[in-house]
Amino acid sequence: MERAAELGGFYAAHGLWFIAEGEPLVPLLGQDTPVQGQDILRFRGDDPEQAVAGACAHLDANPHGVERAILVHDGQFESDGGTAEALIAMVRCYREPRSTLVIALPYRRAQPGQDFGLLRPRVLGWEGEPRPNWHALMGAFFRGFQMHTAAAQVWAENEGEP
């Protein structure tokens with residue numbers, strides 16, 4: 001699962017980079033296979049909710065028989081202060097033991113008079129091994145994030161902004 005978390009960090013960084021630049025994020029699904037390597041699929045549609053649903057269905061079906069996949073989409077999550085905008089990353093490892101990690105990366109869109117801002121990621125869910133090594137998983141996620149140098153710079157410049 002650590003390799004999947006690392007890839008999840010990279011693809012989450014890629015998605016966050018789009019949002020930080022003011023671009024809409026089309027749901028994307030990064031995949032990793034030992035034979036074909038990595039590739040990325042984008043799920044476009046007129047209705048963003050249907051595009052996310054199609055990407056989720058693809059993630060669940062695993063039609064290409066990949067070992068790891070990461071779905072990244074724009075969304076929201078419930079926090080102590082109400083609903084917050086966030087990039088949602090669903091990190092899936094299909095190999096045994098099969099597991100899924102869901103992380104939210106809360107952000108504030110840039111607006112006139114307000115810069116883009118990021119808050120610390122939040123783990124929203126875990127399915128799989130009963131006791132994951134959180135330190136190792138989140139370390140792998142952030143290693144992957146740092147591999148996307150443009151997004152890592154955005155994080156360094158904007159992390160902790162309300």
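Anything mentioned here points back to the structure above.
This text gives an overview of the structure that appears in the document.

Topic: the state of the cysteines
If you walk through the whole model with that rule in mind, you get zero disulfides. With no disulfide partner, Cys 93 has as its closest neighbouring cysteine sulfur the one in Cys 56, 18 Å distant.

A look at the pairing of strand β4 (residues 82–93)
Regular strands place side chains that alternate from one sheet face to the opposite one. With nine of 12 residues buried, β4 is to be regarded as a mostly interior element. In textbook terms, the turn of a hairpin is the stretch between consecutive antiparallel strands, and for strand β3 (residues 68–79) and β4 this stretch comprises two residues. As judged from the eight bridges shared by β4 and strand β5 (residues 99–108), these two strands associate in the antiparallel manner. Note that in β5 the partner of Leu 87 across the bridge is Leu 105. The loop that links β4 with its antiparallel partner β5 comprises five residues.

Examining the nonpolar core
Of all hydrophobic cores here, the largest spans 32 residues; its most connected members are Met 1, Leu 16, Val 72, Leu 87, Leu 105, Phe 116 and Phe 145. Per-element accounting of this core gives the leading share, nine residues, to helix α1 (residues 2–20). In this structure Met 1 touches Val 91, Cys 93, Ser 99, Thr 100, Leu 101, Trp 126 and Leu 137, once residues within four positions along its chain are discounted. Counting residues in each nonpolar core, the second largest holds 15 residues, with Ala 86, Ile 88, Met 90 and Tyr 94 among its members.

Definitions and cut-offs
- Residues numbered from 1 in each chain as written.
- Predicted model: local features only at pLDDT ≥ 70, side-chain atom pairs only at ≥ 80, totals over all residues.
- Heavy atoms only, no water.
- Disulfide = S-S within 2.5 Å.
- Buried < 20%, exposed > 50% of the residue type's maximum accessible area, 1.4 Å probe, protein only.
- Helix = DSSP H or I, 4+ residues; strand = E, 2+ residues; numbered from the N terminus.
- Pairing = 2+ DSSP bridges.
- Core = buried A, V, L, I, M, F, W, Y, C linked by side-chain atoms within 4.5 Å.
- Contact = heavy atoms within 4.5 Å.

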